[in-house]
Amino acid sequence: MRGLNWRASSAAAAMAGLILGCAIFFGRAQVGAQARGKAVYDKHCTECHGVDGKGDGPGASYVAPRPRDFSSGRYKIRSTETGSVPTDDDLVNSVRHGLYGTAMPGWDRILSDADIQDVVAYIKSLSPQFATPPKTVSVAEGTPSSPDSITRGQQVYEKLQCGKCHGTDGKGTGAVTTDFTDDWQQPLPAADLTQPWTFRGGATSRDVYLRFRTGMAGTPMPSFADAASDKEMWDLANYVVALGRKPVWSMTAEEINDLYARQSVEAKANPVARGKHLVDTLGCVLCHSPVDEKRRMLPGMRLAGGVMFRIDPFGEFPTGNLTADKDTGLGNWTDDDIKRVITRGTLRDGTRLLPFPMDWGSFSTMTADDIDAIVKYLRTVPPVSNKVPRPRYYSFPVYMWGKFKLLILGGDPPMAIFTGNAGTTGGVR
Amino acid sequence: MKRFLKWALLIVVVLAVCALGAFLYFIPPFFTTAPEEFGKLMQAAAPKVDAIADPAERALAERGRYIVVSTGCIGCHASNGPQGPDLTKYLAGGAVESQTETATYVSRNLTPDKDTGLGRRTDAEVKRVLQSGVFPDGHVVPSTNMPWGAFSNWSEEDRHAVLVYLRHLPAVRNETPEPVPGKAVTVPGAFDEEHAWKDYSVREAKPTR
């Protein structure tokens, strides 16, 4: 009896030791993975997601949608219940394939599978939400796409009033509004359902079904798990997939020209949206928004100007305030004043700008409609008071000496861009 | 006679100084060129797409050309010639060096050359740089040096159009160096004591290599 007891307790102790050992081993392995993941993260991810994972890296202010804030633990692309964190596989897939239609690239050819697993382990350690294990949704066998299923899906689309945000045709026509903001107050247009290659989490019926089923955390897109049956959601997924149009890379020349003609009609009908697209893509924001010493845009200073450029041997040229502020921005400029700067590099008072870094020579090659659209958009930029000093040309001797250094001696850097705001925000000082 | 020589020498020296002064003053002659000329220059420098046989490719390349020209890619991706940036070797890169606190980047060769240009990159690799600044070897070019943050806002279809145009440029062989890590930037005498932090980027146009 005693012997048995002793044997039982020693077996229990051995078991406990084994379990403890395993726990320590796997715990260590987890910590090791996180440490390795941090190294991968610091090398590849900080430019957008920031050193702390708060989604505030230097590149974050220029891309839409903004990069994920990993400290919140909220993710759009999940296969888990509403309010739950994503599974490891969800995160691995997002890293491996990227998020379509955003600045997040697919890393599968660049990072090894082990690297991706490690970086996912590190990302999870950034949010306490991951202490609760994910609640995976069980995905039943789907309904294969068929004309019947698509027709039923269309009825579900109407029943669930998807058109209120996505439009009756999936691209916003007849929608109440398509301009939303996410939980981080960033602009977020409703998805254009006719462009499946921009669906963040993929464009198969299963991907689309999962978005309905789980909702997209942090956005106005809810879960429809309570409002629709599983079968209805599969039909709806088949319908949404069927809404997709051909992308330009599989179109014929006529189709491409038709598309471009339609796009230019849309651009003319909505010049502010077109202007915003141009300002966002031409890089205006990059030079006309001051950044801090870590190259992150100063909060609230988008397009408010004040980035100092020193261009040897010519002088010092702070970028202008492009917001609609009456005193310090473009509020009092006429349309022609603005166009003259964009296309001819000549300020209101007749001062001529250098042909760089403000690339008015290139901008002048845009169509008149596009230039109009830019001006119309700039009128709508919320005013920020930031009094930017006038460009300062160096005096003649300094200019000549600079030229001599540059052209004869060589090697002098002609352009330096400074962090910080050279203007006077809000008239303080 | 001696006196005459002395005077002649003086005049020659004065003329030489004036000539040097004028040379320094007028090169590059930004302010002697009419503003309208710059746009024409940019248009003319970009190769046309008329010669592309496939009509669909041609339509895409036309859109790509509009975007590439109006965005001013050539502002950085020019090639170097004896007179500075050489626009005839369109987008062959190398003319501009930009530095951050951590590395120096030289503008790349965007022509389809097989050894030094985009000919060695897949479509996905080129698009990934335009979308997120991530190069095939995994390094991320800062968004403040190559403005991919702005280009990521192009629609995927426009990005494709840009790619198609780049694929149809005349190939130019021009080796451009990989980023050099670890070069610190210091520009003394920043603009204003109160706001003087530090420069984050210096671009250097070298007239000759």
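Residues numbered from 1 in each chain as written. Chains lettered and ligands numbered in written order. Predicted model: local features only at pLDDT ≥ 70, side-chain atom pairs only at ≥ 80, totals over all residues.

Draft legend 1. View of the overall build of chain B. In terms of helices and strands, chain B carries 6 helices and 6 strands. Split into buried and exposed, the 209 residues of chain B put 42% on the buried side. Sequence separation of at least 24 residues holds for 60% of the intrachain contacts in chain B that already meet a minimum separation of 6. (Helix = DSSP H or I, 4+ residues; strand = E, 2+ residues; numbered from the N terminus. Buried ≥ 20, exposed ≤ 12 C-beta atoms within 10 Å, placed from the backbone. Contact = placed C-beta atoms within 7 Å.)

Draft legend 2. Main features of the overall build of chain A. For chain A, the count of helices and strands is 15 helices and 8 strands. At 28 Å, chain A has a C-alpha radius of gyration far larger than the 22 Å of a compact globule built from 429 residues. With the C-alpha coordinates of chain A rotated into their principal frame, the extents come out at 105 × 60 × 45 Å. When each of the 429 residues of chain A is scored for burial, the buried share is 41%. Within chain A, residue pairs in contact and separated by at least 24 positions form 62% of the contacts whose partners lie at least 6 positions apart. (Rg over C-alpha atoms; globule rule 2.2 N^0.38 Å.)

Draft legend 3. Layout of the domain arrangement of chain A. In terms of domains, chain A is made up of domain 1 (32-131), domain 2 (147-245) and domain 3 (308-425). Here the C-alpha centroids of domain 2 of chain A and domain 3 of chain A sit 44 Å apart. (Domains from an automatic or database assignment.)

Draft legend 4. Expanded view of unusual backbone geometry. Residue and element names in this part refer to chain A. Each neighbour pair has its own omega, and for Ala-64 with Pro-65 the value is -5°, a cis peptide bond. Counting through the fold element by element, Pro-65 comes out in the loop between helix H2 (46-49) and helix H3 (88-97). For the peptide bond that leads from Phe-356 to Pro-357, omega is -5°, which places it in the cis range. Considering the arrangement of structural elements, one finds Pro-357 in the loop between helix H12 (335-344) and helix H13 (360-363). Positioned with a positive phi, Gln-185 is a non-glycine residue whose angle comes to about 60°.

Draft legend 5. The interface of chain A and chain B, seen in detail. Opposite the 63 residues of chain A that make contact, chain B presents 57 residues. Looking at the side of chain A that touches chain B, the elements with two or more residues in it are helix H9 (253-269), helix H10 (271-282), helix H11 (284-288), strand E3 (308-311), H12, H13, helix H15 (396-409) and strand E7 (415-418) of chain A.

Draft legend 6. Expanded view of the pairing of strand E4 (residues 103-106) of chain B. Residue and element names in this part refer to chain B. In this sheet, E4 lies alongside strand E3 (residues 96-99) in antiparallel orientation, the contact comprising 3 bridges. Opposite Gln-99, over in E4, you have Thr-104 as the bridge partner. Adjacent in sequence and paired antiparallel, E3 and E4 are bridged by 3 residues. Here E4 pairs with strand E5 (residues 180-181) via 2 bridges, running antiparallel. Across the sheet, the residue bridging to Ala-103 is Pro-181, located in E5. (Pairing = 2+ DSSP bridges.)

Draft legend 7. Here's a closer look at the environment of Asn-145 of chain B. Considering the arrangement of structural elements, one finds Asn-145 of chain B in the loop between helix H4 (123-132) and helix H5 (148-151). The spatial distance from the C-alpha of Asn-145 of chain B to the C-alpha of Ile-67 of chain B is 19 Å, given a sequence separation of 78 residues.

Draft legend 8. Representation of H10 of chain A within the structure. For H10 of chain A, spanning 12 residues, the distance from its first C-alpha to its last is 16 Å, which sits close to the expected 16 Å at 1.5 Å a residue. Along H10 of chain A, the residues classified as buried are Arg-274, Gly-275, Lys-276, Leu-278, Val-279, Asp-280, Thr-281 and Leu-282 of chain A. Against the buried residues of H10 of chain A lie H9, H11 and helix H14 (368-378) of chain A together with helix H3 (55-71) and H5 of chain B. Positive backbone phi, approximately 90°, marks Gly-283 of chain A, located one or two places after H10 of chain A. (Expected span 1.5 Å × (residues − 1).)

Draft legend 9. View of the nonpolar core. Core analysis: the largest hydrophobic core is formed by 65 residues, its most contacted members being Val-119, Val-120, Ile-123, Val-279, Val-285, Ile-374 and Leu-378 of chain A. Once residues within four sequence positions are removed from consideration, Val-285 of chain A is found in contact with Tyr-62, Val-279, Asp-280, Arg-302 and Leu-303 of chain A together with Ala-150 of chain B. Counting 29 residues, the second-largest nonpolar core is a separate cluster that includes Val-68, Cys-73, Tyr-90 and Leu-118 of chain B. (Core = buried A, V, L, I, M, F, W, Y, C linked by C-beta atoms within 7 Å.)

Draft legend 10. Structural view of the environment of Glu-293 of chain A. Residues and elements named next belong to chain A. Among the structural elements, Glu-293 can be located in the loop between H11 and E3. The exposed category is assigned to Glu-293, around which 11 C-beta atoms lie within 10 Å. Remark: the alpha-carbon pair of Glu-293 and Gln-186, spanning 107 residues in sequence, is separated by 23 Å.

Draft legend 11. The arrangement of the packing of H3 of chain A against helix H4 (residues 113-124) of chain A in detail. All names here are of chain A. Closest axis-to-axis distance for the H3/H4 pair is 10 Å, and the angle between their directions is 120°. Between H3 and H4, the angle falls in the class oblique. You can see that H3 and H4 cross each other, and the crossing is right-handed. Contacts between H3 and H4 involve Asp-88, Leu-91, Val-92, Val-95 and Arg-96 from the first element and Ile-116, Gln-117, Val-119, Val-120 and Ile-123 from the second. In terms of residue class, the contact of H3 with H4 is built from 7 nonpolar, 1 polar and 2 charged. (Axes fitted to C-alpha atoms, helices over the stretch in contact; angles between N-to-C directions. Parallel < 35°, antiparallel > 145°, perpendicular 65-115°, else oblique. Left-handed = near helix turned anticlockwise from the far one by under 90°. Nonpolar A, V, L, I, M, F, W, Y, C, P; charged D, E, K, R; others polar.)

Draft legend 12. Local environment of the packing of H3 of chain B against helix H6 (residues 156-167) of chain B. Residues and elements named next belong to chain B. Following both chains from N to C, one finds H3 and H6 inclined at 95°, their axes separated by 7 Å at the closest point. Comparing their axes, H6 and H3 come out roughly perpendicular. Each of Glu-57, Leu-60, Ala-61, Arg-63, Gly-64, Arg-65, Ile-67 and Val-68 in H3 lies in contact with H6, whose residues at this interface are Asp-158, His-160, Ala-161, Val-162, Val-164 and Tyr-165.

Draft legend 13. Expanded view of the environment of Pro-147 of chain A. Residue and element names in this part refer to chain A. Looking at the element boundaries, Pro-147 is found in helix H5 (residues 147-159). C-beta crowding within 10 Å serves as the criterion here: with 9 such atoms nearby, Pro-147 is assigned to the exposed category. Spatially, the C-alpha atom of Pro-147 lies 30 Å from that of Thr-177, the residues being 30 residues apart in sequence.

Draft legend 14. A look at the pairing of strand E4 (residues 315-318) of chain A. Residue and element names in this part refer to chain A. In the sheet, E3 pairs with E4 via 4 bridges, with the strands oriented antiparallel. Bridging across to E4, Phe-309 finds its partner in Phe-317. The antiparallel pairing of E3 with E4 creates a hairpin that spans 3 residues between the two strands. Sheet topology note: the E4/strand E6 (residues 392-393) ladder contains 2 bridges and is antiparallel. Across the sheet, Glu-316 pairs through a bridge with Arg-392, a residue of E6.

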